[in-house]
Amino acid sequence: MAVGSETVMVDQVPFAPEITVTKLLSLLGYGVTDIEIHFLQIKYNAIGIYMEKEIIQHLADWKGKKGSELAEDDVFFDAVVSAPVEKCFRIVVIKEIKGSQYGVQLESAVRDRLAAIDKYEEEEEEALEKVTEFFQKKYFKKDSLITFHFPAASRTAEISFATEGKEEAKAKVENPNVAEMIQKWYLGGTRSVSPTTVKSLADNLGTMLAQ
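Now for a description of the structure that goes with this document. In this text, all values refer to a predicted model and were calculated from it rather than measured experimentally. (Residues numbered from 1 in each chain as written. Predicted model: local features only at pLDDT ≥ 70, side-chain atom pairs only at ≥ 80, totals over all residues. Heavy atoms only, no water.)

**Remarks on the packing of aromatic side chains**
Across all of its chains, the model carries 12 aromatic pairs by this definition. Residues Tyr-102 and Phe-135 carry aromatic rings whose centres are separated by 5.0 Å and whose planes lie at 75° to one another, so their mutual orientation is edge-to-face. Separated by 33 residues along the polypeptide, Tyr-102 in helix α3 (residues 99–116) and Phe-135 in helix α4 (residues 122–136) bring together distant segments of the chain. Owing to a relative accessible area of 1%, Tyr-102 belongs among the buried residues under this scheme. Each residue in the set Phe-89, Tyr-102, Phe-134, Phe-135, Phe-140, Phe-148, Phe-150, Phe-161, Trp-185 and Tyr-186 is aromatic and connected to the rest through ring pairs, giving one cluster. The lysine or arginine in question, Lys-138, covers the ring of Phe-134, its NZ or CZ lying 4.4 Å from the ring centre. (Phe/Tyr/Trp six-rings, centres within 6.5 Å; stacked < 30°, edge-to-face > 60°. Helix = DSSP H or I, 4+ residues; strand = E, 2+ residues; numbered from the N terminus. Buried < 20%, exposed > 50% of the residue type's maximum accessible area, 1.4 Å probe, protein only. Lys NZ or Arg CZ within 6 Å of the ring centre and 35° of its normal.)

**A word on a negative patch on the surface**
Taken together, Asp-118, Glu-121, Glu-122, Glu-123, Glu-125, Glu-126, Glu-129 and Glu-133 make up a surface patch of like negative charges. Examined against the element boundaries, Glu-121 turns out to sit in the loop between α3 and α4. For Glu-121, a relative accessible area of 46% gives the class partly exposed. (Patch = residues over 30% accessible without salt bridge, like charges linked within 9 Å, V, L, I, M, F, W, Y side chains within 5 Å. Areas by Shrake-Rupley, 256 points an atom, 1.4 Å probe, with all protein chains shown as cover. Salt bridge = Lys/Arg side-chain N within 4 Å of Asp/Glu carboxyl O. Lys, Arg positive; Asp, Glu negative; His and termini not counted. Charge placed at Lys NZ, Arg CZ, Asp CG, Glu CD.)

**Remarks on the sheet that holds strand β6 (residues 87–93)**
Read across the open sheet, the 7 strands follow the order β3-β4-β5-β6-β9-β10-β11; overall the sheet is antiparallel. If you trace the sheet from one side to the other, it starts and ends with β3 (18–20) and β11 (169–173), each paired once. Within the sheet, the average angular offset between the axes of one strand and its neighbour, ignoring direction, is 25°. The strands touched by helix α6 (residues 195–210) are β4 (24–37) and β5 (40–51); relative to β4, the strand with the most contacts, the crossing angle is about 150°. (Pairing = 2+ DSSP bridges. Axes fitted to C-alpha atoms, helices over the stretch in contact; angles between N-to-C directions. Contact = heavy atoms within 4.5 Å.)

Set out below in structure tokens:
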């Protein structure tokens, strides 16, 4: 299947092959976040990763590599994250949870990543607190949609949350370090919260790089 040619179903959640935010973005990766409890797989969210196809121009060093190699290459995913192209992550809720639970998971993942590289200062703490507060009183009903939009021109992030019967809520992350680590939470290569998404993105980018 050509990348971006038809709707993809991820655990009965449809993801359009293309969306327009400010530019036309293609669905380049998809998967789920899940955990296994007593041999039972519990899926929390379906994930669609949309990007400008021009990202390929920033990944020329990996031309000819197979998807299976790319999925294990964290330097490759660093290049994906830092590439100056527009990106949009659409996260659709499969299993209902409180927004505060999601916020705490995001907060600890971002904080740990920043602390590991000595970039967790007061500004980052404040920015991250705002993100946690944004999710605090939300309830993630099935099919609720969380969107992370990363503009090409600035190292910021825009978060939105939409659920049935409520007005869409929005927040902005102005701190570039926090915005980058939110990207890395999903696109952090071997440390991603969703290995299935990383594998799918690596396979699709590998195919595009081979053309």
